[in-house]
Each structure stands twice: as structure tokens, then as C-alpha cells.
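The primary structure of each chain is shown beneath.
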Amino acid sequence: MASISFITFISLLLLPLSHATLTLTVVNNCPFPVWPAIQPNAGHPVLERGGFALNPRTHRSFLAPATHWSGRIWGRTGCTNHNGRFTCSTGDCGGKLECNGLGGATPATLAQFSLHHSHTDQSSYAVSLVDGFNVPMTVTPHEGKGVCPVVGCKADLLATCPWSLQKHADGKVVACKSGCEAFNTDEFCCRGHFNNAQTCKASKWSDFFKHACPATFAYAHDSPSLTHECSSPRELKVIFCH
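Described below are features of the structure shown in this document. (Residues numbered from 1 in each chain as written. Predicted model: local features only at pLDDT ≥ 70, side-chain atom pairs only at ≥ 80, totals over all residues. Heavy atoms only, no water.)

## Let's talk about the sheet that holds strand β15 (residues 235–240)
- Reading across from one edge, β3-β1-β15-β9-β11 is the order of the five strands in this open sheet, with mixed pairing throughout. In this open sheet, the two edge strands, each paired with only one partner strand, are β3 (58–63) and β11 (151–153). For this sheet, the mean angle separating the axes of adjacent strands, direction not counted, is 20°. (Pairing = 2+ DSSP bridges. Helix = DSSP H or I, 4+ residues; strand = E, 2+ residues; numbered from the N terminus. Axes fitted to C-alpha atoms, helices over the stretch in contact; angles between N-to-C directions.)

What follows is the structure in C-alpha cells.
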């Protein structure tokens, strides 16, 4: 009996830790519809089928998994459903309303998460402009302990996006590309010889994003201190047009 109890004890130790309830809320404060999309990292479940529509001044809340989850959230804009074909001007995930695990087309503003990691129930979050910008976005934590700032980009960079980085649709600027997407060089994409912290440096293109929105990642090896670890937040809000 003693050996069985010990084996049972070890099995319990190996089970994923269950943590405090965490609500994810996606808020659309924009004066236009946004279609949020959610992509889990490999091995993690798809949340809310991966995407949905949010009308202006509305929100949607749902529970995060009780165990470790990581992934990203972004907003799609300019979406239409024509003759049964769903497409978006920015952030499109293969022409689907519910992305169901698919990634989105760049450029797009990204919120990145690693929830319920470590024995102290840390939730890490950041907003990235490494893949460009399509809509203002912030992440706002509630009731967490430790370092839990609001991060992201409240500025509308479509109005100031350099001509070389502009993405157009229907005669207007709908997104702002990264230097990597616009010019496709190893230096701007931080690949090849530039794929490490010593050689991947800021450029005038990443500086455009960084100066406007300092609380975001602007290039691949930007400061790791921008990923904040907040202990046991009760809610994380992703807010478009904060």
C-alpha cells in the first residue's frame, strides 16, 4: 500500500498546476468593427475558436485555461463576407472568421501572452510591432501583484506611417509595414548573420515605431525587459483604440 500511495503522490506532482481564475477580455473602443484573432503556440488549445467579430464600443470576455497557456491576439480590420468568402484588409487568417489555430497576415499589431507559468502563477504579456502595425492596442492587467503595467501602442500610426512602409487598400492606408516586410533584408529582418542580440539592432524603421510607442517591441531582439510578469492577475484586457 505504501508504494501505491507514493506512486500516486508522484503522479499528482506531475500534473499541470492549476492556478487562480484568469479572465481574458477583448475590448473594441474603435469607431469601426474589429475582428479579433487568437493563435495558440504549439501544444496549447485554441481559445474562442480562434476569432470573432466585435462591433464598435463592445467587448467579449472568456476564461483563460487554468493551466499554462501561451499565444497571441491581434485585430483584423476591413473584413467583408462576400458571396460566402470572408476576407480582411489586415490580419487575415486564411479567409476565415474563426482562425482555429491559423496565424495572421502581416502587418499587424500583436499582443503576446504566456499565462500561468512558474509556481508563483506569473502571467507575462507584451505588445509587439515587430510585424508592423494595423490598429492601436494595449494590454491592461487588473488585480495582479508585482510589476503589472499597461503596455502597448495607443497612437494611430496609420496617420504618420512613412510612405515606404504604408500598406494601401481601397485607396487608403490600412497598415504600416515593418522594415523587414517592406525591404526584405537580413539586417532589417534580423536573420542570417543578424540573428542574434549582438548584431540585430534598431533601424530607422523600427525607431519610427519605438519613438511613437516606447512600451512595445519594435524589432526582434528589442529589450527583453518589455515582457512584464504579473503575478495572479484576475483579468487581462486587450483593448483596441484605448
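Now, onward.
## A closer look at the side chain of D222
- Tracing the sequence through the fold places D222 in the loop between α4 (204–212) and β14 (228–231).
- Here the side chain of D222 touches A218 through a polar contact of 2.9 Å, landing on its backbone nitrogen.
- The residues contacting D222, other than those within four sequence positions of it, are K210, T216 and F217. (Polar contact = N/O pair within 3.5 Å; in protein donor to acceptor, adjacent residues only side chain to side chain. Contact = heavy atoms within 4.5 Å.)

## Some thoughts on the side chain of D92
- In this fold, D92 is placed in the loop between β6 (85–87) and β7 (110–117).
- Buried and unpaired, D92 has R76 as its nearest opposite-charge partner, separated by 6.1 Å.
- A polar atom in the side chain of D92 sits 2.7 Å from the backbone nitrogen of G95.
- Residues in contact with D92, not counting those within four places in the same chain, are R76, F86, T87, G103, G104 and A105. (Buried < 20%, exposed > 50% of the residue type's maximum accessible area, 1.4 Å probe, protein only. Lys, Arg positive; Asp, Glu negative; His and termini not counted. Salt bridge = Lys/Arg side-chain N within 4 Å of Asp/Glu carboxyl O.)

## Section: the packing of aromatic side chains
- Inspection of the entire model under this criterion finds four aromatic pairs.
- Aromatic side chains F183 and F188 sit 5.9 Å apart centroid to centroid with 65° between the ring planes, which places their arrangement in the edge-to-face category.
- Classification of F183 by relative accessible area gives partly exposed; the value is 33%.
- Each ring, one from F208 and one from F209, has its centre 5.2 Å from the other, and the planes form 65°; the classification is edge-to-face. Note on accessibility: F208 and F209 belong to one class, buried.
- Across the ring face of F52, the terminal group of R60 is positioned such that the distance to the ring centre comes to 4.2 Å. (Phe/Tyr/Trp six-rings, centres within 6.5 Å; stacked < 30°, edge-to-face > 60°. Lys NZ or Arg CZ within 6 Å of the ring centre and 35° of its normal.)

## With respect to the layout of surface pockets
- Size it by volume and the largest pocket reaches roughly 300 Å³.
- Per-element accounting of the lining of the largest pocket gives the leading share, three residues, to strand β13 (residues 172–176).
- There is about 190 Å³ of room inside the second largest pocket.
- If you trace the second largest pocket, you find 18 residues lining it, with V130, C180, F188, A218 and Y219 closest to the centre.
- Taken together, the elements giving at least two residues each to the lining of the second largest pocket come down to α2 (179–183), α3 (186–189) and α4.
- Split by residue class, the lining of the second largest pocket holds eleven nonpolar, four polar and three charged. (1 Å grid on protein atoms, 1.4 Å probe; cavity = no way out; pocket = protein on both sides within 12 Å on 5 of 7 lines; lining within 4 Å. Points joined across faces, edges and corners; volume = space filled by probe spheres on them. Nonpolar A, V, L, I, M, F, W, Y, C, P; charged D, E, K, R; others polar.)

## Here we look at unusual backbone geometry
- With an omega of 0°, the peptide bond running from T106 to P107 counts as cis.
- A positive phi is found at H116, a non-glycine position, where the angle reads about 55°.
- Within the secondary structure, H116 sits in strand β7.
- In the Ramachandran plot, S232 falls in the positive-phi region, its phi being about 50° despite a non-glycine side chain.
- Mapping S232 onto the fold places it in the loop between β14 and β15.
- Relative accessible area serves as the criterion here: at 17%, S232 is assigned to the buried category.

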